[in-house]
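# Topology and contacts: notes
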Amino acid sequence: MTDLVIRPLVAGEENLFDSMPDPLPQLRQVGYADGIAGGGYRPENTWVALRAGRVVGRAAWLLPPGAVGAPWLDRFDLDAEPEVGAALLRAAHEALGGPGLYYAAMPAHWRRRPEVLAVMKAPMAAARLAGLVERGERLRCSWTGTPLPATSGRYDFRPAADSTEINLLVARVTEPDVLTGVEIARAVGGVDLATDPLAWLGGSPGDWRVALADGEPVGLVGTAGDACFPLIAYLGLLDDAVRAELLAEAVRVLVDGGAREVIADVDAHRVAVLAELERTGFRQLRSRVAFAPAAATPSGSVGTPGSLVAADDRQV
């Protein structure tokens, strides 16, 4: 690696980052130039590895304006061996105050797609060589107009009465089914979306629906129609049997507000929740594997540790 140059960008070098072809063009993500314009990406938080003037590795840490947390590695691409990527990460970590979180974004069903595995093998190996370990995987799903399942008539749905009712019901939920944007809520606002969703979502109680069985609450869902995408931000159950109908009710609320697409994030190990999302008409858009320093747990990650590899606007 004697001919290798590793350094941060300087202002005006945005085109150097984009001179490396996007290895996963099918993945929906914020462009680097747009991220620079929005203030989330910064030249000093962007590093490149160069050989003979050509970019063979690039890494961009993201921190939206006003965020209270530390930047996280949002873009990391390699056209070289993992050792080059590890050297790039180590140099950047030293300058940025130590290793932090890395969210490796990939198209849906990446384990079954050899072309995606070929792209991600090197950066994920480099992350491990640089001292990061996998801590969980979250899936982003999208509903785009599929007919919704019919209701059984067993449950009633009404808007939440007020923030007090929402907070009391949230406190009774052991593990929410859906948390969309949990990583961003933690990093930008210092908020745990699972336990204090109103601190991040804002909005009105009318954006929430409470599910009732025989007059008693059995679940609640919070929607956001004015985020970067209409989304199901929070879904918590007191009775698993209401999951399907509460999901469908949340989509109806957003569609009535004009949504044509609805986004929802779920932890990959929540198989029953993912299956219900798919029965409701959601389809997987992407996977995001969280890496963290070996001694740390990633903020906002709900997944389980262990190897996961087999063979702007306000962002969520």
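For the structure itself, consult the block above.
Residues numbered from 1 in each chain as written. Predicted model: local features only at pLDDT ≥ 70, side-chain atom pairs only at ≥ 80, totals over all residues. Heavy atoms only, no water.

### Thoughts on the overall build of the chain
Which entries qualify depends on this criterion: Note on conventions: DSSP H or I runs of at least 4 residues are helices, E runs of at least 2 residues are strands, and numbering of each starts at the N terminus. To get the radius of gyration, use the C-alpha atoms; to get the globule rule, take the number of residues to the power 0.38 and multiply by 2.2 Å. Each residue gets one of three labels from its accessible area relative to the maximum for its type: buried under 20%, exposed over 50%, partly exposed in between, using a 1.4 Å probe on protein chains only.
Scanning the chain from terminus to terminus reveals nine helices and 13 strands. Here the C-alpha radius of gyration of the chain, 21 Å, is about what a compact globule of 316 residues would show, namely 20 Å. Projected onto its principal axes, the C-alpha positions of the chain cover 70 × 40 × 35 Å. Going through the 316 residues of the chain one by one, you find that 52% of them count as buried.

### Focus: helix 6 (residues 182-189)
At 3.6 residues per turn, the α-helix brings residues three or four places apart onto the same side. Here is the rule we go by: Residue contacts are defined here by distance: any two heavy atoms, one from each residue, within 4.5 Å place the two residues in contact.
Across the eight residues that make up helix 6, a large majority, six, are buried. Residues of helix 6 that are buried include every one of V182, E183, I184, A185, A187 and V188, and no others. Tucked into the core, helix 6 has its buried residues touching strand 4 (72-78), strand 5 (102-107), strand 6 (132-143), strand 8 (178-179), helix 7 (197-201) and strand 13 (283-293). The first or second residue beyond helix 6 is G190, which carries a positive phi of 65°.

### Overview of the pattern of salt bridges
To keep things clear, this is the line we draw: Between Lys or Arg on one side and Asp or Glu on the other, a salt bridge is scored when a side-chain nitrogen of the former is within 4 Å of a carboxyl oxygen of the latter.
Counted by the stated rule, this structure contains 21 salt bridges. The shortest N-O distance in the salt bridge between R288 and E183 comes to 3.7 Å. Of this pair, R288 sits in strand 13 while E183 sits in helix 6; the two residues are 105 residues apart in sequence, bridging distant segments of the chain. The same class applies to R288 as to E183, namely buried. Put simply, R209 and E249 hold a salt bridge, and the shortest N to O gap is 3.8 Å. On the criterion of sequence distance, the pair formed by R209 in strand 9 (residues 208-213) and E249 in helix 8 (residues 243-256) is long-range, its members being 40 residues apart. Both residues of the pair, R209 and E249, belong to the buried class. Each of E175, D177, D240, R243 and R270 takes part in salt bridges that share partners, so that together they form one network.

### Brief notes about empty space enclosed by the protein
Rules: As defined here, a cavity is a set of points on a 1 Å grid over the protein atoms alone where a 1.4 Å probe fits but cannot get out. A pocket is an open set with protein on both sides within 12 Å along at least five of seven lines, and residues line them when an atom is within 4 Å of a point. Grid points are joined across faces, edges and corners, and a volume is the space filled by probe spheres set on the points. Each residue gets one of three labels, nonpolar for Ala, Val, Leu, Ile, Met, Phe, Trp, Tyr, Cys and Pro, charged for Asp, Glu, Lys and Arg, and polar for the others, Gly among them.
Looking at the largest cavity, its volume works out to about 110 Å³. Every residue lining the largest cavity is counted, 14 residues in all, and those nearest its centre are Q29, D74, F76, D77 and A105. Every element with two or more residues in the lining of the largest cavity is listed here: strand 4 and strand 5. Taken together, the residues that form the lining of the largest cavity break down as nine nonpolar, one polar and four charged.

### Concerning the side chain of R135
Basically, it comes down to this: The sign given to each residue is positive for Lys and Arg and negative for Asp and Glu; His and the chain ends receive no count. Any N or O atom pair separated by 3.5 Å or less is treated as a polar contact, with the protein-specific requirement of one donor-capable and one acceptor-capable atom, and with residues adjacent in sequence counted only for side-chain atom pairs.
Mapped onto the fold, R135 is located in strand 6. Buried charge without a salt bridge: R135, with E134 as the nearest opposite-charge side chain at an N-O distance of 8.2 Å. Looking at R135, its side chain comes within polar contact range of the main-chain oxygen of A294, at 2.5 Å.

### Remarks on the environment of N45
When you line up the elements, N45 lands in strand 2 (residues 41-51). Each C-alpha atom of the pair N45 and V271 lies 36 Å from the other, and the pair is 226 residues apart in sequence.

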